[in-house]
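# Survey of secondary and tertiary structure
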There are 4 protein chains.
Amino acid sequence: MTLKLGVIGTGAIGQEHIRRCSHVLQGAKVVAVSDINLKGAADAVKRLGLDAEVLSDGKEVINAANVDALLVTSWDPTHEEFVLAAIAAGKPVFCEKPLAVTAAGCKRIVDAEMNFGRRLVQTGFMRPYDQGYKALKKVIDSGEIGQPLMLHCAHRNPNVDDSYTTDMAITNTLIHELSVLRWLIDDDYASAQVIYPRATINTHAKLRDPQIVLLETVKGVRIDVEIFVNCQYGYDIQTEVVGEKGIASLPEPASVLLRSQAKRSNAILTDWKDRFIDAYDAELQDFINGVINGELTGPSAWDGYAASVAADACVAAQNNPGVVNISLPPRPAFYER
Amino acid sequence: MTLKLGVIGTGAIGQEHIRRCSHVLQGAKVVAVSDINLKGAADAVKRLGLDAEVLSDGKEVINAANVDALLVTSWDPTHEEFVLAAIAAGKPVFCEKPLAVTAAGCKRIVDAEMNFGRRLVQTGFMRPYDQGYKALKKVIDSGEIGQPLMLHCAHRNPNVDDSYTTDMAITNTLIHELSVLRWLIDDDYASAQVIYPRATINTHAKLRDPQIVLLETVKGVRIDVEIFVNCQYGYDIQTEVVGEKGIASLPEPASVLLRSQAKRSNAILTDWKDRFIDAYDAELQDFINGVINGELTGPSAWDGYAASVAADACVAAQNNPGVVNISLPPRPAFYER
Amino acid sequence: MTLKLGVIGTGAIGQEHIRRCSHVLQGAKVVAVSDINLKGAADAVKRLGLDAEVLSDGKEVINAANVDALLVTSWDPTHEEFVLAAIAAGKPVFCEKPLAVTAAGCKRIVDAEMNFGRRLVQTGFMRPYDQGYKALKKVIDSGEIGQPLMLHCAHRNPNVDDSYTTDMAITNTLIHELSVLRWLIDDDYASAQVIYPRATINTHAKLRDPQIVLLETVKGVRIDVEIFVNCQYGYDIQTEVVGEKGIASLPEPASVLLRSQAKRSNAILTDWKDRFIDAYDAELQDFINGVINGELTGPSAWDGYAASVAADACVAAQNNPGVVNISLPPRPAFYER
Amino acid sequence: MTLKLGVIGTGAIGQEHIRRCSHVLQGAKVVAVSDINLKGAADAVKRLGLDAEVLSDGKEVINAANVDALLVTSWDPTHEEFVLAAIAAGKPVFCEKPLAVTAAGCKRIVDAEMNFGRRLVQTGFMRPYDQGYKALKKVIDSGEIGQPLMLHCAHRNPNVDDSYTTDMAITNTLIHELSVLRWLIDDDYASAQVIYPRATINTHAKLRDPQIVLLETVKGVRIDVEIFVNCQYGYDIQTEVVGEKGIASLPEPASVLLRSQAKRSNAILTDWKDRFIDAYDAELQDFINGVINGELTGPSAWDGYAASVAADACVAAQNNPGVVNISLPPRPAFYER
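Predicted, not measured: the structure shown is a model, and the values here were computed from it.

Here we come to the overall build of chain A. Helix and strand counts for chain A stand at nine helices and 15 strands. For chain A, the C-alpha radius of gyration of 20 Å lies close to 20 Å, the compact-globule estimate for 337 residues. Overall, the C-alpha framework of chain A stretches about 55 × 50 × 45 Å when taken along its three principal axes. Considering chain A as a whole, with its 337 residues, one finds that 61% of them fall into the buried category. Restricting the contact set of chain A to residue pairs at least 6 apart, pairs at least 24 apart contribute 72%. Split by element, the accessible area of chain A, about 12,800 Å² in all, is 51% carbon and sulfur. Counting 33 positive and 42 negative side-chain charges, chain A places the averaged centre of each group 3 Å from the other.

Below, the structure is given as structure tokens:
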């Protein structure tokens, strides 16, 4: 069978996912799209050579008879409404992060899905699909380094523009670590603290950069994440897991070793797309396969909710010199992995 | 459109390519198969859940009206016959290496294809599709290391069984370097010499292991390839290109860095499939795309021929203490890259 | 000239320094020793083949007419007394860390030395003499990575015995980072905080292990130091300096790269002596040269005092969930570097 | 005791060794020097602040009553004469490489020393004193990689001037590998072949650069050494030992890992002095210690002879397209290690 997809939101990321479904992945095709900018949606359909209807509203896409499943890639504040509508229609939905712009909104989605009685929602967290994180998790799960005790992480970006503000270090950047680390060590966050190092000269008035976020987990693991979005030198994602018997680090992307000009060097990527493009492919293929096989196994609505609760606490900690508690209700059996 | 493929030969590699076309790649499906073992072919069709006819003979597959293009994965000595038949039928054909078991056979294919007037043949050399070699070629082509002067290579395998004999170090193993290195540095081989180091205790009476093959190219580049198929420790492919201004090395596969038991370590792969599986996917996707777009750009019949001529000289050099010339006719304009 | 040394304290470290002066370094010889265990001192003199007098008391050594300079390697609580006596006698003195067991004691030494009017004291901090730290400082000072903003450090030891308690993570272990980091980035500590990750199963009741110490410097640099003294896998010292334009890391000790058993690996040291033995040689040679040239340039009494003040704050922070201020008086011109 | 040294030859390397003995090493001092340029010798004595006599001739230095041992650092063609004279005087002598400019000359020294009945000669081969080669030998001798089968080596230099000619690739450059590799794997050379890759544009008319020397040892080990003295990018010494079970590589010199400008990089040295200065210190300290202890254990006259025989064969192989035999008489019991 070929899964027939409806796409709500045909901006940059929407078009990227459409391209992926149409030219890279197996088993799906896009049959309907909508966007708040109708003309933009129509242009995208033409440019991408789709045989797809342009509908005037996301709800219409959701309810179109020939649409089997949805991709929600619209403006963040509209995610919740469309995901809830998809659940109401009983159709599987892949929603780009954030699942909702508030923890309460995420919770409403969780509740609706549990009410429905079967998983319909996959949250767009792609890092668990990255080969590097998968290899790292495999080492941790093998017991080779013993129980994890500490994680030292860094999320570095060459630079950001003036629209990127202090809180976005959490909501746009750290959100990736918040989503992947709890999966990596199968744990949840218990508290957060933010400390501000000396600021780089390369930042602007509305952005404190770098920042260090200190997290404690329910099991007592301590996590430090350096967020440095004007680091100049490259896009560099680091995760080091210190266990009782050894330490495992996220693989560096494979690259040519060069000996030249009195240096042995390997290139560092500078664009996040180069780093994670394969993971984006894999997450969406997994969604397609999951829908076809009748069982979604990727990041759930609960995962979206848990990340949202943690992110809220981290933003609070940015404005508070002390430790902020993170309290997530117990994970319902419905969402057991 | 969906490309309709016929597969001749449903042994291990044939089934692997069928799986690939059916479950990983985009744009193609297998509609007909044959094998000398008809029952085996029928079983494979069932096991892989194909909607494909089982025909009694490769020629029937080639000529089946609903077959757009062919994959030849049959017994090596039959490759030539089926490729020639596909050309005669004017159908694109992907042929697993070797293109033919003799250089003369390869040449007959080259001649037939040139007679036909358009490229129909892709030879199953997958290393140019490996991300590592592509990255290495990009560095070389950038001029960053200047003109290549020497290549130091190694092809190491944990172990082989007793059916692997001295000549197979060339025909089964070195053939991969012979195919990829001339592409990598855009050059051709001019001579070969083989030297035999002290033999490992881990070999058997019919296999001299390790061996070192010394090649000179038309441009004077010197290549040394260590072939060591009982190296015990892993599957390890090395290529170091020494240029006038610097040196570039094939990337090591990405892997977790582990600190444990008084060692910093990265895993080395032990199975060639893990090393090159993505390249196999990419070569076949490229064939599918090439057929759909009406232009094959992957390894050509000429490339298959050139590798075959070089391999013959290397085998001769195994039995000859001196230098053996390699003489390939000039590349026809038809095959210009 | 040959510098004639008196050594106070002939325990393990005393004997080690005597061996160093007698068999490795240039320009000095040991002419007098003392120890609270007189027989032990006499045995050491015999075993090391010294032509040295055994005196009954450290003060006698200090005042012996043929003694030009002193090494104080006695029991920690006696350091202050002997260093003050050496200053009183106007003789240069190398004092093993700690300079004194309290910050107040260190301050008395600083005051005495300033009163004397010329540097006589070198504190036994050897890390600034390590080739790795020197190379790292050179990179920082070159401006290549811009202004330092954060330091990520780790001090890991395979294991400790039951006599090692929580506070010793500061006084025996972190003290090395406290001494070297302020030198490395030419800064001073402003506050400390200690956080306790989940404890390893390999610790004992009186030791919280691992610990993370968070320091802020006067210039706003944030430092995190992981102290993990039962890490099992090796003796591993890490320092990563994150600057405005790049990141520089302490060199890994040179070691053979081994490919075997499906791993690429480098050995990690397991004994701190192997890691820093050259630095011990260099610090003492520097003291000898400094005395001969009439100018001490190594770690000063002030450096000993500054480390002591910081260590006291860190110990306070171990028993306090919040941030503890570190306040050091302004550095006197006398001690300007 | 302090060993009283006479130095014959006060050019660059002579002054360097004098500085070493006077300011770095233990247990020796220079008491007499000579040079063909008497004024130069006098100037050196003054500049280096020595309390040493300037004698008019090397023989006078050898026979001076207060001279215990000799350093021969004069013009290469005079080495043999001075070493023979030292042996005749029964005085230990450290002779810079080459021991003599012909194999026959080396053999005369070997014979004279055996006649004398006790080792008096140390040849100035410093690589066995390098920590890296020592660590590599330790791994080989441990059996961890099994029996060595192949060595892949490179000797690269940023550039040379016009006085450096093709044969000097052997006599000035490869000589270091010839001396260290037979020690490393405890073997001797059986044959040599030289192949010439495409020449770099950075060479001149009288120098074929790069060159590859292929050696076979008595035990059948195959060694390839790339000699590339205008490689531009750095001074880079590589040795990879391929054994039956694994591969061990010469350590890279320790260096800061830098992340900047989209690269992870480590500096490569550009000057051989930085690479091997510690080894020069160690070899001379070993000579001093050996003389004081009455037993020389460093590179012997036999080692100088064996390297010379191999170098002669390599030079012959530069002018001969085939394989040149290397035949060394059996090692006399006198020189057993």
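Let's pick the thread back up.
With that out of the way, let us pick up the domain arrangement of chain A. Residue and element names in this part refer to chain A. Assigned domains of chain A: these are domain 1 (3-127 + 277-299) and domain 2 (128-271 + 306-335). Put simply, the middle of domain 1 and the middle of domain 2, counted by C-alpha atoms, are 27 Å apart. Taken together, the contact pairs 20 residues of domain 1 with 20 residues of domain 2. Between domain 1 and domain 2 the total buried area reaches about 1,600 Å² when both faces are included, carbon and sulfur atoms providing 67% of it. Scanning the region where domain 1 abuts domain 2 turns up one salt bridge. When contributions to the side of domain 1 that touches domain 2 are tallied by element, the ones reaching two or more residues are α5 (103-116) and α8 (272-293). The biggest single contributor to the side of domain 1 that touches domain 2 is α5, with five residues.

This part is about the pairing of strand β6 (residues 121-124) of chain D. All names here are of chain D. Residues V121 and T123 line one face of β6 and the alternating positions Q122 and G124 line the opposite face, and both faces are buried. Across four bridges, strand β5 (residues 93-96) lies against β6 in parallel orientation. Among the inter-strand pairings, C95 is bridged to a residue of β6, identified as T123. The parallel pair β5 and β6, bridged by helix α5 (residues 103-116), forms a crossover whose chirality is right-handed.

The next point concerns the UniProt feature "domain: Gfo/Idh/MocA-like oxidoreductase C-terminal" (unreviewed entry) in chain A. Using the residue numbers shown here, the UniProt feature "domain: Gfo/Idh/MocA-like oxidoreductase C-terminal" (unreviewed entry) corresponds to residues 137-324 of chain A. In this annotation, residues 137-324 of chain A is assigned 34% helix and 28% strand; the end-to-end C-alpha distance for the span is 28 Å.

Placing chain C over chain A gives an RMSD of 0.0 Å and needs a rotation angle of 180°, together with 0.0 Å of translation along the axis. Both copies are brought into coincidence by an operation consistent with a two-fold rotation axis. When C-alpha distances to the rotation axis are compared across chain C, the minimum falls at G322 of chain C, with a value of 4.0 Å.

The next point concerns the interface of chain C and chain A. Contacts between chain C and chain A engage 36 residues on the former and 36 residues on the latter. Roughly 2,700 Å² of surface becomes buried between chain C and chain A when both sides are summed, with 59% attributable to carbon and sulfur atoms. At the boundary of chain C with chain A, the tally comes to two salt bridges. Along the contact surface separating chain C from chain A lie seven residue pairs in polar contact (both at pLDDT 80 or more). Breaking the side of chain C that touches chain A down by element, the ones donating at least two residues are β7 (148-156), β8 (189-195), β9 (211-217), β10 (222-228), β11 (236-243) and β12 (246-249) of chain C. With five residues, the single largest contributor to the side of chain C that touches chain A is β7 of chain C. A breakdown of the residues in the side of chain C that touches chain A according to their chemical character gives 17 nonpolar, ten polar and nine charged.

Another point: the sheet that holds strand β6 (residues 121-124) of chain C. Residues and elements named next belong to chain C. The strand order across the open sheet built from six strands is β3-β2-β1-β4-β5-β6, with neighbouring strands paired in parallel fashion. Two strands in the sheet have a free side with no partner beyond their single neighbour: β3 (53-54) and β6. Where strand β4 (residues 69-72) lies against strand β5 (residues 93-96), three bridges are found, and the strand directions are parallel. Pairing of L70 across the sheet is with V93, part of β5.

All names here are of chain D. At a minimum axis distance of 9 Å, the contact between helix α7 (residues 168-184) and helix α9 (residues 301-318) shows a crossing angle of 130°. Regarding the angle of α7 to α9, the classification is oblique. Regarding α7 and α9, the two cross each other, and that crossing is right-handed. Within the contact between the two elements, α7 uses A169, I170, T171, L174, I175, L178 and R182 and α9 uses W302, D303, A306, A307, A310, A311, C314, V315 and Q318.

With 36 residues of chain D at the interface, the matching set in chain B holds 36 residues. Of all residues in chain D, the largest losses of buried area upon contact with chain B belong to R198, R222 and E244 of chain D, amounting jointly to 25% of the total for that side. Taken together, the links from chain D to chain B amount to two salt bridges. Between E240 of chain D and R156 of chain B there is a salt bridge; the shortest N-O distance is 3.8 Å. The interface formed by chain D and chain B contains seven residue pairs in polar contact (both at pLDDT 80 or more). Of all the secondary structure elements, the ones that give two or more residues to the side of chain D that touches chain B are β7 (148-156), β8 (189-195), β9 (211-217), β10 (222-228), β11 (236-243) and β12 (246-249) of chain D. Looking at the side of chain D that touches chain B, the element that brings in the most residues is β7 of chain D, giving five residues. Grouping the amino acids of the side of chain D that touches chain B by side-chain chemistry returns 17 nonpolar, ten polar and nine charged.

Moving on, we come to the relation of the copies chain D and chain B. Superposition record for chain D on chain B: RMSD 0.0 Å, screw rotation 180°, translation along axis 0.0 Å. Looking at the interface residues of chain D, 100% of them are also at the interface in chain B, so both copies use one shared face.

Moving on: the nonpolar core. Residue and element names in this part refer to chain A. Counting 83 residues, the largest nonpolar core has V83, V121, L151, L181, L184, L215 and I223 as the members making the most contacts within it. Of all the elements, helix α7 (residues 168-185) adds the most residues to this core, at eleven residues. Summarising the domain contributions, this core has at least three residues from each of domain 1 (3-127 + 277-299) and domain 2 (128-271 + 306-335). Sequence-distant contacts of L184, defined by excluding residues within four places in its chain, comprise Y133, L136, K137, I140, L151, T239 and V241.

Calculation rules
- Throughout this document, residue positions are counted from 1 along each chain, in the order its sequence is written.
- Chains carry letters from A onward and ligands carry numbers from 1 onward, assigned in written order.
- Given that this is a predicted model, residues contribute local features only at a pLDDT of at least 70 and side-chain atom pairs are listed and counted only at 80 or more, while totals for whole chains, interfaces and linings are drawn from all residues.
- Water and hydrogen atoms play no part in the side-chain values, which are based on all heavy atoms of the structure.
- A run of DSSP states H or I qualifies as a helix once it reaches four residues; a run of E qualifies as a strand once it reaches two. Both are numbered from the N-terminal end.
- Note that the radius of gyration is over C-alpha atoms, with the globule rule given as 2.2 Å times the number of residues to the power 0.38.
- In this scheme, a residue with accessible area under 20% of its type's maximum is buried, one over 50% is exposed, and one in between is partly exposed, where area comes from a 1.4 Å probe on protein chains only.
- Any two residues whose heavy atoms approach within 4.5 Å at even a single point are treated as in contact.
- Only the protein chains shown count as cover for residues, with accessible areas throughout obtained via the Shrake-Rupley method and a probe of 1.4 Å.
- His is not counted, nor are the chain ends, whereas Lys and Arg count as positive and Asp and Glu as negative.
- Note on charges: their place is set at NZ of Lys, CZ of Arg, CG of Asp or CD of Glu.
- For each domain, the first and last residues come from an automatic or database assignment.
- Buried area adds together the accessible area that both of two parts lose upon being put together, with accessible area traced by a 1.4 Å probe.
- By salt bridge we mean one thing: a side-chain nitrogen of Lys or Arg within 4 Å of a carboxyl oxygen of Asp or Glu.
- Being paired, for any two strands, means DSSP has found at least two bridges between them.
- Throughout, right-handed denotes a crossover for which the path from the first strand over the helix to the second runs clockwise when the strands point away from the viewer.
- UniProt positions are given in the numbering used here, feature names are shortened, and annotations may be inferred rather than shown by experiment.
- Our superposition of the copies is a least-squares fit, built on the C-alpha atoms of residues whose pLDDT is at least 70 in both.
- Whenever a nitrogen or oxygen atom comes within 3.5 Å of another N or O atom, the pair is scored as a polar contact, on the condition that within protein one atom can donate a hydrogen and the other can accept it, and that pairs from neighbouring residues in sequence are kept only if both atoms are in side chains.
- Throughout, the ten residues Ala, Val, Leu, Ile, Met, Phe, Trp, Tyr, Cys and Pro are labelled nonpolar, Asp, Glu, Lys and Arg are labelled charged, and all others, Gly among them, are labelled polar.
- Orientation is described by axes fitted as lines to C-alpha atoms, over the contacting stretch for helices, and by angles from 0 to 180 degrees between their N-to-C directions.
- Angle categories are assigned with fixed cut-offs, so that under 35 degrees is roughly parallel, over 145 is roughly antiparallel, 65 to 115 is roughly perpendicular, and the rest are oblique.
- Throughout, a crossing is termed right-handed when the near helix is turned clockwise from the far one, and left-handed when it is turned anticlockwise from it by less than a right angle.
- Only buried residues count toward a nonpolar core, which is a set of Ala, Val, Leu, Ile, Met, Phe, Trp, Tyr and Cys residues joined through side-chain atoms within 4.5 Å.

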